[in-house]
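Results of the structural survey
Take a look at the letters that make up each chain.
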Amino acid sequence: MYKKIIHKHWLPFVLGAFSVILFYSTFIIWNEGEPTEISRPEAVKEQADNEVELLFETVFADGISQEETRKEAINSLQDFWYEYSNWQVVDQKKGFVHFRQELLDLSPEVKQEGYLGLSDDQHLILYTGQPEAKHIIQTYDHLSEYSLASSVKLALTKGMKVSSVDELNAIVDKKG
C-alpha cells in the first residue's frame, strides 16, 4: 500500500523537498555578508572604541543647576549605561550624551552662604551673599501668604542663614 502512495506521489514530494532546500540555501547565502546576532561582539567593540562627550547637569532643590562636561572612552556599552543608570538621559546624539540628575538638596553655594530674606516688595527670597549685596536665587510668594511668627518675620528682614533643605522647607511650607 505504501509503495502505491510513494510511487503515485513521488514528484510532489521531490519538488517540495527541493524547494525547501533551495529556500534555506538562498536565505543562508543572502545573510552571509551581514553580521548576525551571534557575531555582534565585533560590531559592539567597534562602536565601543568611540570617545563620547558627556554633559552632566545637576539640578538642586533651590533651583541652581551645575554642568560638567567631559570626554570618556567607552569600553563596553553595557557597563557605560549601568554606570550612569541613576542619571536621566536628556539628549543623545552620535558622540554626545546629556545626562540630568535632580537632587533634593541645596547647592553647595547656597549651603555655604545662602539666606532667606525679604525683597523690597515683601516677597520671600532665597539669596546668596550678604544682605546688602544679595544675589537672588529664587523668589517665593508674598510674605502675607505665609503664617509665620513675628520673630521669624523679624529675622527674615535681617536675613536667615539656610544650610539645609529642611531649614528652607520649614519656612517656605508655612503657607497660611
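In this convention, every chain numbers its residues from 1, walking through the sequence in written order. With the structure being a predicted model, the display of local features is reserved for residues of pLDDT at least 70 and the display and counting of side-chain atom pairs for 80 or more, all residues being used for whole-chain, interface and lining totals. Hydrogen atoms and water are omitted, and side-chain values are computed over all heavy atoms in the structure.

By the naming in an unreviewed UniProt entry, the protein is Forespore regulator of the sigma-K checkpoint, taken from Alkalicoccobacillus plakortidis.

**Quick look at the pairing of strand β1 (residues 51-59)**
Any two strands with at least two DSSP bridges between them are considered paired. Elements are defined by DSSP. Helices are runs of H or I of four residues or more, strands are runs of E of two residues or more, and each kind is numbered from the N terminus. For β1 and strand β2 (residues 65-73), the ladder comprises 9 bridges, and the chain directions are antiparallel. Paired with Leu 54 across the two strands is Arg 70, which belongs to β2. Taking the residues that link successive antiparallel strands as the turn, the β1-β2 hairpin has 5 residues, and the phi of Gly 63 there is positive, at about 100 degrees. Where β1 lies against strand β4 (residues 96-102), 7 bridges are found, and the strand directions are parallel. The partner of Phe 56 across the bridge, within β4, is Phe 99.

**Digging into the pattern of salt bridges**
Think of a salt bridge as a Lys or Arg side-chain nitrogen and an Asp or Glu carboxyl oxygen that are within 4 Å of each other. Scanning the model with the defined rule gives 5 salt bridges in all. Taking the shortest distance from any N to any O, the salt bridge between Arg 100 and Glu 57 comes out at 3.1 Å. Within this pair, whereas Arg 100 is found in strand β4, its partner Glu 57 is found in strand β1, the two being separated by 43 residues in sequence. Throughout, exposure labels follow a simple rule: accessible area from a 1.4 Å probe, protein chains only, divided by the maximum for the residue type, with under 20% read as buried, over 50% as exposed, and the rest as partly exposed. With relative accessibility at 10%, the residue Glu 57 sits in the buried group. Here Arg 70 makes a salt bridge to Glu 68, at a shortest N to O gap of 3.2 Å. Connected through salt bridges with shared partners, the residues Glu 68, Arg 70 and Glu 72 form a single ionic network.

**With respect to unusual backbone geometry**
The backbone of Gln 122 shows a phi angle near 65 degrees, a positive value even though the residue is not glycine. Secondary-structure assignment places Gln 122 in the loop between β5 (114-118) and β6 (123-128).

**Points about the packing of aromatic side chains**
Think of it this way: a Phe, Tyr or Trp ring, Trp meaning its six-membered ring, pairs with another when their centres are within 6.5 Å, and the plane angle makes it stacked under 30 degrees, edge-to-face over 60, tilted otherwise. Tallied over the full model, the rule gives 9 aromatic pairs. Between Phe 80 and Tyr 84 the ring centres are 5.3 Å apart and the planes differ by 65 degrees, which places this aromatic pair in the edge-to-face class. Of the aromatic side chains, those joined through ring pairs into one cluster are Phe 56, Phe 80, Trp 81, Tyr 84, Trp 87 and Phe 99. Any Lys NZ or Arg CZ found within 6 Å of a ring centre and within 35 degrees of that ring's normal is scored as a charge over the ring. Positioned over the ring face of Tyr 127 is Lys 134, at 5.3 Å from the centre of the ring. One cation-aromatic arrangement involves Lys 161 over Tyr 115; the distance from NZ or CZ to the ring centre is 5.6 Å.

**Regarding the sheet that holds strand β8 (residues 160-162)**
Read from one edge to the other, the open sheet built from 4 strands follows the order β7-β6-β5-β8, with strand pairing classed as antiparallel. At either end of the open sheet lies a strand with only one pairing partner, and these are β7 (135-142) and β8. The sheet shows a mean angle of 25 degrees between the axes of neighbouring strands, taken without regard to direction. Pairing of β5 with β6, which is carried by 5 bridges, proceeds in the antiparallel orientation. Structural elements are reduced to axes, namely lines fitted to C-alpha atoms, with helices fitted over the stretch in contact, and the angle between N-to-C directions of any two is expressed from 0 to 180 degrees.

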